[in-house]
Amino acid sequence: MAALNVALIGQGFMGKAHSNAYAQVGHFFPELRKVRRKVVCGRNRERLAAFAKTWEWEQVETDWRRIVERDDIDIVDICTPNALHAEMAVAAAEAGKMALCEKPAANSAVEAAAMAEAAKGVPNMVWFNYRRVPAVELARQLVHEGKLGRIFQYRAAYLQEWGNDFTRPAAWRLSKAAAGSGANGDLNSHLIDTAMMMLGPIREVSATMETFFDEKPDPSRPGETYPVDVDDTVLTQARFANGTLATFEATRFAVGVRNANRFEIHGEKGMLRFDLEELNRLHYVDASAEKRLQGTNTIMVTGPDHPYAAKIWRPGHLLGYEHTFIAALADFLAGLESGEPAQPTLDDALQVQRVLDAIEISAHERRWVETGL
Ligand SMILES: NC(=O)c1ccc[n+]([C@@H]2O[C@H](COP(=O)([O-])OP(=O)(O)OC[C@H]3O[C@@H](n4cnc5c(N)ncnc54)[C@H](O)[C@@H]3O)[C@@H](O)[C@H]2O)c1
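Residues numbered from 1 in each chain as written. Predicted model: local features only at pLDDT ≥ 70, side-chain atom pairs only at ≥ 80, totals over all residues. Heavy atoms only, no water.

Soluble globular proteins: nonpolar side chains tend toward being buried together. Counting residues in each nonpolar core, the largest one holds 80 residues, and the members touching the most others are Tyr154, Met198 and Phe248. Two domains each provide a minimum of three residues to this core, namely domain 1 (4-128) and domain 2 (130-369). Membership of the second largest hydrophobic core comes to 36 residues, among which are Ala17, Ala21, Val25 and Leu333. (Core = buried A, V, L, I, M, F, W, Y, C linked by side-chain atoms within 4.5 Å. Buried < 20%, exposed > 50% of the residue type's maximum accessible area, 1.4 Å probe, protein only. Domains from an automatic or database assignment.)

If you want it as structure tokens, here you go:
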């Protein structure tokens, strides 16, 4: 079968992570349909040319609309600032392209709904890549198999510290118009997606948000500042439809912590604990074991019977951040063959967006808000 021609929009951090996934997926998953790095799109032609050379994209383009119009493109992959996702995904899907999109899907549930609607007829996926950490997938399997029994509490935190760095230039992530929100869309979206993958829909939320600095020094204009109009930190209490209670903490001001993405799940039969900073490990307590032997089991989720691991390295050989993107892409390609679409689709991402919107309303109106899920 002919290779699928990919067009990537955005040559930044995610452009790099996704380029690596396209380059590597056929090495680890040779049975899947091949992908061809056809064209990469960005705004700066000079930097784009260097990027294309490094990551072996065949062509470059500076106008994303021209990509969508091309007959020889099968997949459009969107790695741009959040405000651009909806327009690009809708245009790609309406042109009959498969649509892959970075998270959060959009700036609002209204936008995400339009994307999901446009993409009804085409394969699509949103890159909530942490679903593909083998330890996270193992946790999902254990929860779904009932290993923890009834789940009482779910506790999650996504902690970064870069908000407290005042040497950084103005960036789209600090602008509501470009990013939709701050820590809520950027970090909480990952937590909410993982949590709903584990436990189903979140029914209601109560949240508070803070912007610690609404302006920051602009390094390119000494003495001047630039505005910040998004949340730096968002704290959420939530109740799932199944009755589980949860807390979610997402922040760019967790000074001392670079990129922790943690959850703990407490059920009647035990506990699971994960932290992205140790992504090969899952901690498990079996509360039904003999009391004097009870303690935390540290499972190295690197095979041979663990998700994804066997396809990558031999048992015990560590996996990294990049494998989450390779595995997500592999699942997407496998879904094309099996007819069982890989998750999360834009429909799933719409559910996440509904929760994010409810969190925002709750924080502003200082009350519990139902998500409608
Ligand atoms: N899944 C993850 O773990 C993860 C991590 C980081 C970012 N993200 C998401 O990925 C997306 C991109 O984030 P990033 O960190 O790569 O940002 P970035 O700033 O590093 O890169 C954004 C890219 O978009 C390009 N761009 C902007 N406007 C454009 C336009 N009109 N046409 C073409 N290209 C345009 C920029 O030139 C830049 O190359 C965001 O939605 C973000 O939330 C996801």
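As a matter of local geometry, the ligand sits amid 24 residues, with Met14, Asn82, Lys103, Asn129 and Arg173 nearest to it. One of the side-chain nitrogen or oxygen atoms of glutamate 102 is found 3.2 Å away from a nitrogen atom of the ligand. A distance of 2.8 Å is found between an oxygen atom of the ligand and a backbone nitrogen or oxygen belonging to lysine 103. A per-class count over the shell around the ligand returns eleven nonpolar, nine polar and four charged. Here the shell around the ligand spans two domains, since at least three of its residues come from each of domain 1 (4-128) and domain 2 (130-369). (Near = heavy atom within 4 Å. Polar contact = N/O pair within 3.5 Å; in protein donor to acceptor, adjacent residues only side chain to side chain. Nonpolar A, V, L, I, M, F, W, Y, C, P; charged D, E, K, R; others polar.)

This part covers the sheet that holds strand β7 (residues 151-159). Strands sit in the order β16-β15-β14-β13-β7-β12-β11-β8-β17 across an open sheet of nine strands; the sheet is mixed. In the strand order of this sheet, the two ends are held by β16 (297-300) and β17 (369-370), each with one partner. (Pairing = 2+ DSSP bridges. Helix = DSSP H or I, 4+ residues; strand = E, 2+ residues; numbered from the N terminus.)

This part is about a nonpolar patch on the surface. Taken together, Phe166, Phe212 and Phe213 make up a surface patch of nonpolar side chains, about 260 Å² in accessible area. Relative to the helices and strands, phenylalanine 166 is located in the loop between β7 and α7 (176-179). (Patch = residues over 30% accessible without salt bridge, like charges linked within 9 Å, V, L, I, M, F, W, Y side chains within 5 Å. Areas by Shrake-Rupley, 256 points an atom, 1.4 Å probe, with all protein chains shown as cover. Salt bridge = Lys/Arg side-chain N within 4 Å of Asp/Glu carboxyl O.)

Omega for the peptide link from lysine 103 to proline 104 comes to -15 degrees, which places this bond in the cis form. Note on placement: proline 104 falls in the loop between β5 (98-101) and α5 (109-118). Here the amide bond leading from glycine 303 into proline 304 is cis, since omega sits at 5 degrees, within 30 degrees of zero. Backbone geometry at glutamate 56 places phi at a positive 60 degrees, although glycine is not the residue there. A residue is classified by how much of its surface remains accessible, and glutamate 56, at 56% relative accessible area, is exposed. Within the chain, arginine 366 stands out as a residue other than glycine whose phi angle is a positive 55 degrees. Turning to its location among the elements, arginine 366 is positioned in the loop between α11 (346-365) and β17.

That's the geometry; what it means functionally is another story.
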